[in-house]
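Working through the structure, step by step
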Amino acid sequence: VKRHAWALVRLQAGGHIRKIGPGLYEIASTAGGEAEARDAVLPILPDQPLPTWARQMRQRAAWRNLKRWQGEAFDEADLRALWDACGGRCMLSGLAFRLTEVGSGAARRPYAPSLDRIDATLPYSRANCRLVLQAVNFALNSFGDDVFLEMARATTEHMNREGAE
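Each value, and the rule that gives it
Residues numbered from 1 in each chain as written. Predicted model: local features only at pLDDT ≥ 70, side-chain atom pairs only at ≥ 80, totals over all residues. Heavy atoms only, no water. Buried < 20%, exposed > 50% of the residue type's maximum accessible area, 1.4 Å probe, protein only. Helix = DSSP H or I, 4+ residues; strand = E, 2+ residues; numbered from the N terminus. Arc of directions from axis to C-beta. Phe/Tyr/Trp six-rings, centres within 6.5 Å; stacked < 30°, edge-to-face > 60°. Lys NZ or Arg CZ within 6 Å of the ring centre and 35° of its normal. Pairing = 2+ DSSP bridges.

1. Re helix 5 (residues 134-143)
Since the α-helix packs 3.6 residues into each turn, any two residues three or four apart lie on the same face. Those residues of helix 5 not exposed but buried are Val136, Asn137 and Leu140. The buried residues of helix 5 occupy one face: seen down the axis, they fall within an arc of 100°. Exposed and facing more than 90 degrees away from the buried side of helix 5 are Asn141, Ser142 and Phe143. Looking at the residues trailing helix 5, positive phi occurs at Gly144, about 90°.

Spelled out as structure tokens, the structure:
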């Protein structure tokens with residue numbers, strides 16, 4: 001058994017396979033190679049414990065609900081439902097979640113999943129939350145949906161015009 005475990009560790013380190021859950025592995029994509037396997041977000045799989053990132057996200061939301069809204073529930077089923085709804089992609093941009101590090105600041109993972117409250121005056125709940133990129137959540141927190149969507153539309157239109165010329 002120990003030899004098999006070390007073989008899995010070597011295959012993971014080389015970017016040949018990636019762990020997708022406890023005892024579950026898949027062959028890493030050859031398109032992105034080692035970097036893609038290393039930067040992939042472990043998915044939330046049915047009948048498996050939550051990956052660390054998801055467990056921590058759920059715990060923070062539940063703690064904030066307890067502190068501000070006297071214990072409004074945000075449980076594992078809520079987070080699983082949001083993950084199923086987004087399919088591993090930002091619910092606003094459609095970009096896949098990944099752990100790529102950018103820059104040297106405290107928040108270096110702009111593509112990581114982030115739990116966004118649609119109405120910031122209400123608690124974390126299945127109906128009031130969506131999974132978005134961390135960078136998208138920062139923009140939404142600073143400027144709101146309207147500004148973010150206006151910028152996204154303008155960028156798309158501008159890039160389409162530039163490509164047509």
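2. Describing the packing of aromatic side chains
Enumeration according to the criterion identifies 3 aromatic pairs in this entry. Relative to Trp83, the ring of Trp53 has its centre 5.5 Å away and its plane inclined at 50°; by these criteria the two rings are tilted. Here Trp83 lies in helix 4 (residues 76-86) and Trp53 lies in helix 3 (residues 52-69), a separation of 30 residues in the sequence. The same class applies to Trp53 and to Trp83, which are both buried. Plain terms: the ring middles of Phe74 and Tyr124 are 6.4 Å apart, the flat faces sit at 65° to each other, and that makes the pair edge-to-face. Separated by 50 residues along the polypeptide, Phe74 in the loop between helix 3 and helix 4 and Tyr124 in the loop between strand 3 (113-117) and strand 4 (129-133) bring together distant segments of the chain. On the basis of relative accessible area, Phe74 is assigned to the buried category, the value being 2%. Judged by relative accessible area, Tyr124 falls into the buried class, the value being 8%. One aromatic cluster is present, built from ring pairs that chain together Trp53, Trp83 and Phe97. Its end group placed over the ring of Tyr111, Arg98 keeps NZ or CZ at 3.7 Å from the ring centre.

3. A look at the pairing of strand 3
The buried fraction of strand 3 is high, at 5 of 5 residues. Every second residue of strand 3 is oriented toward a common face, with Pro113, Leu115 and Arg117 on one face and Ser114 and Asp116 on the other, all of them buried. Bridge count for strand 3 against strand 4 is 5 bridges, and the pairing is antiparallel. Residue Asp116 lies in a different strand from strand 4, and its bridge partner there is Arg130.

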